[in-house]
Every structure is written in C-alpha cells, then in structure tokens.
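Observations on chain architecture
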Amino acid sequence: MYDVVVIGGGVIGGTVLRELTKYQGNFCLLEKNDDVAMGQSRANSGIVHAGFDAVPGTNKAKFNVLGNKMMQSYAKELGVKYINNGSLVLGYDQEDRRTLLSLKERGEKNGVPDLAILEREQVLEIEPNIGDEVICAMIAPTGGIICPYELSIAAIGNAMDNGAHLKCNFCVDKIQKDGDVFTLTSKDGQVVQAKVIINCAGYYSDQVSALAGDETFQVEGRKGEYILLDRESGDFVSHTLFITPTPAGKGVLVTQTVDGNILLGPTSVEVPTDDTSTTQEGLQSVIEKVNRMCKGVPHYNTITSFAGVRAYCDRHDFIIEKSPKVQGLINCAGIESPGLTSAPAIAKYVVEQLVSTLFNLSPNANFNGVRTPDNFFKNLSTEQKNQLIKKDDRYGKIVCRCEQVTEGEIVRAIHENPPARSLSAVKRRTRAGMGRCQSGFCQATVLEILARELGVSMEEIALNGKGSEILVGKTK
Ligand SMILES: Cc1cc2nc3c(=O)[nH]c(=O)nc-3n(C[C@H](O)[C@H](O)[C@H](O)COP(=O)(O)OP(=O)(O)OC[C@H]3O[C@@H](n4cnc5c(N)ncnc54)[C@H](O)[C@@H]3O)c2cc1C
C-alpha cells in the first residue's frame, strides 16, 4: 500500500513526485506509456514564460510567475539545461502597439519585472533578422527556454533516486474506494493501493477524475504543430520571438532551443483526440506566419516536424484542488500552457498545501535534490574526454555521429533512473537520433545496445512501447 500515488508521468506528475520525496512515505507514479514524458511534456515550445499573458488573479498567472522565478535554480539542481534568453513580442501596427501596452500592464499586475516597449531600431540591434513589418516589440527579460522532457525525466529520476517507485505500462482503468483506501486497477489487471491519489493525467485528467467519481470538469484538445531546424541555424535568433496575441491565442513563435536548434510554431487547432500527427496545412501556416516575423528564415535546414496536444479544460484555468466529490483525490487537471513553466511552483503548492491536509508530512532527512547531469561527451574538453575514455572505453565509441553521442552515454541512460527501454527513450535522454539524419545511421546500433543491456532479443526492442517494434525476424 502506497501513501500517495501520482497518476501521469508528465512534468506535473514528475515534479509533484519529486516534491513528495522531500517527505517520509511510500510514493509511486503510474504512467500508461512505456516511458515518462510522452504526453504534452514531450512536444511543446519549451518556453519558460515570463508571465505577462495570463489573466491576473488566475492560477495560470500565479503559478507562471512563481514557476518562472524558481526555474533557474530548479533546473540547476537537477542538472537540466536552462537559458534565460528573454522574449520579445513583435508588433506590426498601431493596434498591436496598443495590445502590447495592455499586455505590459497585465504583466506588471502579475508581478513580471522589467517589461518594456522597444522601437523597431532597438529591436533590430538585438534581433537583426526581424521582418520588415515589425514596428515595435515588448521585451520580457525574465523569459527563458528549457527542454520539457529533459526536465520531466530529471525530476522523476531524482524522485526515484530518493526512493519513489515508477510503474510504466500501467494505464489506470478502474479506481475503487473502500473506506480510506483507493484500489487502482490497470487495463491489464495490475493492482496498486493508496491512501491519497494525485491525478496529473494531462489530456486524460477528466477521465481519470471520473473513474474516481468526480465528473466536475472536462478536458478538450488543441493541437500545436512545429517545424524544427538543424543546429546549423541555431543563431538565427537569440530571444524567443512571439507575435502580438489575438483572442485566438498566443500565435506562433520563433525560438532557439536549449540544444541550439531553431523551433518554429505551434499552430492551435481544436482536435477530438490526442493524435499528434502533423498536417501539410498546419506546417504551411507556420511557414507563412514565421516568414512575416523574420526575414530569410532558413527553412532549408528543416530536420523534422512534430505536434503536441494541449489539454485545456472547461474552467479556462488550471484545476489544482482537492476534489470536491472524492476525499483523498487531488486533481491537477487541464494544465495547458504555461504548465511547463509553472510545474515547480504547482508541485510545491500541491504537496505543501493540499497533500499536507490529507497525510502527515515529516521531512525526509535523506532527501538529495541534486542530480548529476550526463556528461554530454561532446561538450567536454579533450582532456576530460580522454579521462572519461580511460575510465570507461565505451565513451570512446561514437554511436550517433550527428549529435556526437557515445556508447557510454547510451548505456548510462539504459541503467539510470528512470531507465530507458526504447529507442525513443534513449533518444530523449542522450540526443542519439536527434540530429540531421534523424537516426538514419545510428538506430541499428542503439537497438543492438538496448537488446544487449536489457538482455532481450533485438526483435523485442521498440521505438515507443509495444506495437512499435522495429524488427520482425531474421532474413538470413
Ligand atoms: C503545443 C504545446 C505548446 C506548449 N508550450 C508551452 C510552453 O512553451 N511553455 C509552457 O510553460 N507550457 C507549454 N505547454 C504546456 C505544457 O506542455 C503542459 O502544461 C505540461 O506539459 C502539462 O504536463 P502534465 O504533466 O499535466 O501533462 P502530460 O505531459 O500530458 O502528462 C500526462 C501523463 O499522464 C499519462 N496518463 C494519461 N492517462 C493515464 C492513465 N489512465 N493512467 C496512467 N497514466 C496516464 C499520459 O500518458 C502522460 O504521460 C505547451 C503545450 C503544448 C501541447
């Protein structure tokens, strides 16, 4: 029996789990996929929003600004890359200028520091590639960038290092409550019991809440499609560039990623499922919009496209509360943007203010919040590389040539918390397969290493869990 079970291994479930391990108790995270961070926390813009966008007084505004303030040290503790690159909201005409002024006022109400309006010449000095139509911009120096799945994986890994359990391939299908005990049953019949459950199931958070007996909200999907450019174009912009928002949303952005790529997108289209396929119309609309924001966008350096589905709820704000219907159930639901930014602040609130009223929290004196980041071999000096190879010669074998990832890094990802079990899991921990050739050259070797380290046949290794196995059998 667990004291607390968290449902959903995205950035919210992951940071909540880590926060729980600061206290004594038995904690477990249940995730329906074969790896964590496979929902919204896999595919998003990766922006640590400054906090000028949300309506003052809402959960979104409160947790965004708090999360933004926490993110730099939070990421440092977990060994996660974070860059405080600042953001610019571009204006094309006088109406946009008025919107930017009200956005500045809104941001100041939310507590966002140092917002300012810049004229075209000032914007050109810091971003020489802006489009001819840009007449002004609002700058938000506290905006930043982070890798969403890196943060989620690191938070969950650190929680596991501090004693929490992770059960992947556990799709919660039934929740029964007898007295003070919840019994959670998965689709394939696995059973887990808990005193408190925290629902962080993203797009499915309304369904999970309903399984427990609370049907007070509904979650819908809104797809965002992206185009990713190769690191060769990494210095095309340095700030995150947004366009002036309209009632339809924040619009598209052009930004660097923490790994030095350029990201273009996302679209915003309501969808009936969480299907993350991309479409020609979606990507074409991204291209048209970014071509107005910037001149000479290096589209020839496109290496891939992808999509994520935002989970927004009918209350138009984050739901972070003890269920009004089911004692012992906490809902963290409908956490769309800026949920990534808000995650550290949401997690702290959930544990300190909500869990503490359901379960006696005494500090865990052995908690260690520091996670040693991977070496990322390519970033080391020649001397450091040589030292590492002397200790373990697998660091001397480059497997992914585009991203310069070594066998040593891949083996580490397979054995550290949370363990990588698929090609996609290795890719998201080490960047093997994220480069220009998109795994064309290294996939077979990564597959071999996975099979060897996990002690299974190569036919059992999948891209992304059961049903996506790569090999079917031997031909010779
Ligand atoms: C296109 C897009 C752009 C965005 N851009 C930004 C941005 O730039 N900055 C920002 O701050 N935020 C951004 N966001 C929002 C941010 O991504 C989300 O707020 C955040 O990832 C939500 O995390 P989560 O853990 O609630 O949900 P998720 O990451 O979706 O995690 C939910 C998890 O629950 C699991 N699950 C579901 N049902 C079950 C079940 N029955 N049993 C077990 N497990 C289950 C899922 O598999 C999933 O892993 C963006 C979102 C999208 C989609």
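Predicted, not measured: the structure shown is a model, and the values here were computed from it. (Residues numbered from 1 in each chain as written. Predicted model: local features only at pLDDT ≥ 70, side-chain atom pairs only at ≥ 80, totals over all residues.)

Here the focus is the overall build of the protein chain. In terms of helices and strands, the protein chain carries twelve helices and 22 strands. Against the 2.2 N^0.38 benchmark of 23 Å for 476 residues, the protein chain shows a C-alpha radius of gyration of 22 Å, consistent with a compact globule. Dimensions along the principal axes, computed over C-alpha positions, put the protein chain at roughly 60 × 60 × 45 Å. Evaluated residue by residue, the protein chain yields a buried proportion of 50% over its 476 residues. A separation of at least 24 residues holds for 72% of the contacts in the protein chain among residues at least 6 apart in sequence. (Helix = DSSP H or I, 4+ residues; strand = E, 2+ residues; numbered from the N terminus. Rg over C-alpha atoms; globule rule 2.2 N^0.38 Å. Buried ≥ 20, exposed ≤ 12 C-beta atoms within 10 Å, placed from the backbone. Contact = placed C-beta atoms within 7 Å.)

Turning our attention to the sheet that holds strand β4 (residues 82–83). As a general point, the strands of a sheet are linked pairwise by backbone hydrogen bonds and lie either parallel or antiparallel. Taken together, the three strands give an open sheet; going across it, the order is β3-β8-β4, and neighbouring strands pair in antiparallel fashion. One side of each edge strand has no neighbouring strand; the edge strands of this open sheet are β3 (47–48) and β4. Strand direction decides the pairing type here: β4 and strand β8 (residues 144–146), joined by two bridges, are antiparallel. Across the sheet, Tyr82 pairs through a bridge with Ile146, a residue of β8. (Pairing = 2+ DSSP bridges.)

On to the site of the ligand. Residues in contact with the ligand amount to 41 residues; listed here are only the nearest, Gly10, Gly39, Gly202, Gly224 and Gly339. Across the shell around the ligand, the residue classes break down as 19 nonpolar, 18 polar and four charged. (Near = placed C-beta within 6 Å. Nonpolar A, V, L, I, M, F, W, Y, C, P; charged D, E, K, R; others polar.)

Over its 17 residues, helix α3 (residues 94–110) runs 24 Å from end to end, which matches the ideal 24 Å to within 8%, given 1.5 Å per residue. Those residues of α3 that sit buried are Asp96, Leu100, Leu103, Gly107 and Asn110. One face of α3 carries all of its buried residues, which in axial projection span an arc of 75 degrees. Residues Gln94, Glu95, Arg98 and Ser102 are exposed on α3 and point more than 90 degrees away from its buried face. Where the residues of α3 are buried, they touch α2 (59–78), β5 (87–91), β6 (116–119) and β7 (136–140). After α3 finishes, the residue Gly111 shows a positive phi value of roughly 95 degrees. (Expected span 1.5 Å × (residues − 1). Arc of directions from axis to C-beta.)

This part takes up the packing of helix α1 (residues 11–20) against helix α5 (residues 148–161). Here α1 crosses α5 at 30 degrees, and the two axes come no closer than 8 Å. Compared by their axis directions, α1 and α5 come out roughly parallel. Here α1 runs over α5; the crossing is left-handed. In contact with Val11, Gly14, Thr15, Leu17 and Arg18 of α1, α5 contributes Pro148, Leu151, Ser152, Ala155, Ile156, Asn158 and Ala159. Its residues assigned to classes, the contact of α1 with α5 comprises seven nonpolar, four polar and one charged. (Axes fitted to C-alpha atoms, helices over the stretch in contact; angles between N-to-C directions. Parallel < 35°, antiparallel > 145°, perpendicular 65-115°, else oblique. Left-handed = near helix turned anticlockwise from the far one by under 90°.)

Moving on, we come to the domain arrangement of the protein chain. The domains assigned to the protein chain are domain 1 (82–144 + 220–309) and domain 2 (377–460). Between the C-alpha centres of domain 1 and domain 2 the distance comes to 32 Å. (Domains from an automatic or database assignment.)

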